[in-house]
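Spelled out from the first residue to the last, the chains are:
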Amino acid sequence: GNVLEMCVDGVYGEFETCTGATVCDAAAEGCVSVGVSYDVTETMNDWTTHSSYSGANSTSHGDAGTISAVARVNTSSPLIDSKTAVLNGGSIYNTSITISGMKNGIGTLSFQYASWGKSGDSATLTITDGTKTETLSVKATDTAAVTKTITFNNKSASTVTIKPVSGGRILIDNVRWTNAQ
C-alpha cells in the first residue's frame, strides 16, 4: 500500500494507507475490503519454527475452525511478518494450509502472499472450499507481500485449503476469515 508519514504525539512514524475499496482495520492490523470485519486473524507468530517442509502447526479458533499447516515456518528473511509459513510446490513436498471444522461455513478469506524470490520460485496455488476453487499464479519476482481476498459465502463449507499445485516456494502469512453470512 501507500505510506503516510506523520508525527503523532511528537513521534515520527510511517503508516500504511489503504487504497481502493479497502479500509483500515485495527483488529486485523491492516487494510481489509470495505464492509469486511474478520472473525479470525491468524498471524502464525505463536507457531513453532520449522526448517523442513514437513513441519506441522495448528491453532484452534473455536467454532470458527482450526487452521493447520504442513509447511516450513521462517523467522528470518524472507518474511512477510515476524513468522511466515512457506509452502513449496515442488513435486516431493505436500505442503498446505487448511482451515477445518468451521461450524458456520466460510464467508471471506484473506491472506498475504509473496514469492520466496529466487529463480524457479514461480508457483501456482489453489484455494478451495470444495465447491469453489480459485487459482493464484505467483511469479518469482513477486517478492512484495500482496493480499489475496476471496469471497466464498458458503454456509456448508467445513474446510478451506490453500495448496501449491506447481512451482517453487511461496510465503503465506496473516490468514483471516469470516463466517458465512
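Our subject in this report is the structure included herewith. Counting from 1, residues in each chain are numbered in the order their sequence is written. Thresholds applied to this predicted model are a pLDDT of at least 70 for local features of residues and 80 or more for the giving and counting of side-chain atom pairs; totals over whole chains, interfaces and linings are not thresholded and use all residues. Only hydrogens and water are set aside; all other atoms, that is, all heavy atoms of the structure, feed into the side-chain values.

The next subject is the sheet that holds strand 10 (residues 96-100). The six strands are arranged 6-7-10-15-12-13 in an open sheet whose pairing can be described as antiparallel. Of all the strands in the sheet, just strand 6 (56-60) and strand 13 (133-138) have a single pairing partner and so form its edges. Strand-to-strand twist across the sheet, computed as the mean angle between neighbouring axes with direction ignored, equals 15°. The pairing of strand 7 (residues 66-70) with strand 10 spans five bridges and is classified as antiparallel. What sits directly across from I67, in strand 10, is I99. Any two strands with at least two DSSP-identified bridges between them are counted as paired. Secondary structure is summarised from DSSP: a helix means a run of H or I of at least four residues, a strand means a run of E of at least two, and numbering begins at the N terminus for each. What counts as an axis is a line fitted to C-alpha atoms, over the stretch in contact for a helix, and the angles between N-to-C directions run from 0 to 180 degrees.

As a further point, take the pattern of salt bridges. Pairs can form between side chains of opposite charge once their charged atoms are near each other. The term salt bridge refers to a pairing of a side-chain nitrogen on Lys or Arg with a carboxyl oxygen on Asp or Glu at a separation within 4 Å. Using the criterion set out here, one finds three salt bridges in the structure. In this structure, E134 and K148 form a salt bridge, with 3.1 Å as the shortest nitrogen-oxygen distance. Highlighted residues: E134 in strand 13 and K148 in strand 14 (residues 146-154), separated in sequence by 14 residues.

Residue P78 is bonded to the preceding S77 through a cis peptide linkage, with omega at 5°. Tracing the chain through its elements places P78 in the loop between strand 8 (72-74) and strand 9 (84-88). In this structure, N153 takes a positive phi of about 45° despite not being glycine. Tracing the sequence through the fold places N153 in strand 14.

Residue position: A64 is located in the loop between strand 6 and strand 7. Whether two residues touch is decided by their heavy atoms; if any such pair falls within 4.5 Å, the residues are in contact. The residues touching A64, leaving out its near neighbours within four places in the chain, are V40, I99, M102, W177 and N179.

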